[in-house]
Amino acid sequence: VSIWEDYLYTLGDREGGCKLICVNLENGEVVWTAETGGGGDSNGTPTVDPASGLVFGVSKGGDLVAADAKTGEVKWKKNYGADFGGSMMSQWGYSESPLVDGDLLICTPGAPDALLAALDPDVGDACVCEITAQRRDRFRVVARLNVRHLEAERQVVAHLLHDLRSVHRDRNPR
């Protein structure tokens, strides 16, 4: 779960589909739900961006949704396969929590030319796509993305199936 202000955010199978769910922490009532897409129960955790007031969730099927954190109104959706050419290569499905770093939403579509994608969180447009693995069997991120300073450079660190890679966060600034 993710917590922001007086709300708890989670992902789960509800009413026949994967939903992004907002719960009021004071009374435990569901405030809103938003459809995220297919694939069954999510294995990821929603990410809240206090700066934009948006919450982001990813379904097992690779559907990335951005919703207003207070109202649940869906602002935009992307699909890792359809929009980035990504593919999941495990029975677990997409199991990530997108990373908000400053003015970028960083996610892992798992495509040859978009293993990592940096999006404008307000509209979902891709700003930067970065290939970080050279072999097709290594296009799977298996742990949450992190931001670290390595050799005085801000880096996004991705733990892949067979590799640990870092990408300069501002490699292609918008």
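Up top you'll find the structure we're talking about.
Undergrad: Could you give me a rundown of the nonpolar core, with the residues and numbers involved?
TA: Counting 14 residues, the largest nonpolar core has Tyr9, Leu20, Trp32 and Val55 as the members making the most contacts within it. Where this core is concerned, the elements lending two or more residues are β2 (7–14), β3 (17–24), β4 (30–37) and β7 (63–68). Sequence-distant contacts of Tyr9, that is, excluding residues within four places in its chain, are made with Val1, Ser2, Trp4, Ile21, Cys22, Trp32, Pro46, Val48, Val55 and Ala69. Membership of the second largest hydrophobic core comes to 13 residues, among which are Leu54, Phe56, Ala117 and Leu119.

Undergrad: So what about the pattern of salt bridges? Which residues, and what values?
TA: Summed over the entire model, instances satisfying the criterion amount to three salt bridges. The residue Glu5 makes a salt bridge to Lys70 at a minimum N-O spacing of 2.3 Å. Of this pair, Glu5 sits in the loop between β1 (2–4) and β2 while Lys70 sits in the loop between β7 and β8 (74–79); the two residues are 65 residues apart in sequence, bridging distant segments of the chain. The shortest N-O distance in the salt bridge between Lys19 and Glu35 comes to 2.7 Å.

Conventions and cut-offs
All residue numbers here refer to positions counted from 1 along the written sequence of the relevant chain. Totals for whole chains, interfaces and linings use every residue, but because this is a predicted model, local features are given only for residues with pLDDT of at least 70 and side-chain atom pairs only at 80 or more, for both listing and counting. Water and hydrogen atoms play no part in the side-chain values, which are based on all heavy atoms of the structure. By nonpolar core we mean a set of buried residues, namely Ala, Val, Leu, Ile, Met, Phe, Trp, Tyr and Cys, connected to one another through side-chain atoms within 4.5 Å. Three labels apply to residues, based on accessible area from a 1.4 Å probe with only protein chains included: buried if under 20% of the type maximum, exposed if over 50%, partly exposed otherwise in between. Each helix corresponds to a stretch of at least 4 residues labelled H or I by DSSP, and each strand to a stretch of at least 2 residues labelled E; elements are numbered beginning at the N terminus. Any two residues whose heavy atoms approach within 4.5 Å at even a single point are treated as in contact. Only one rule defines a salt bridge in this text: a Lys or Arg side-chain nitrogen within 4 Å of an Asp or Glu carboxyl oxygen.

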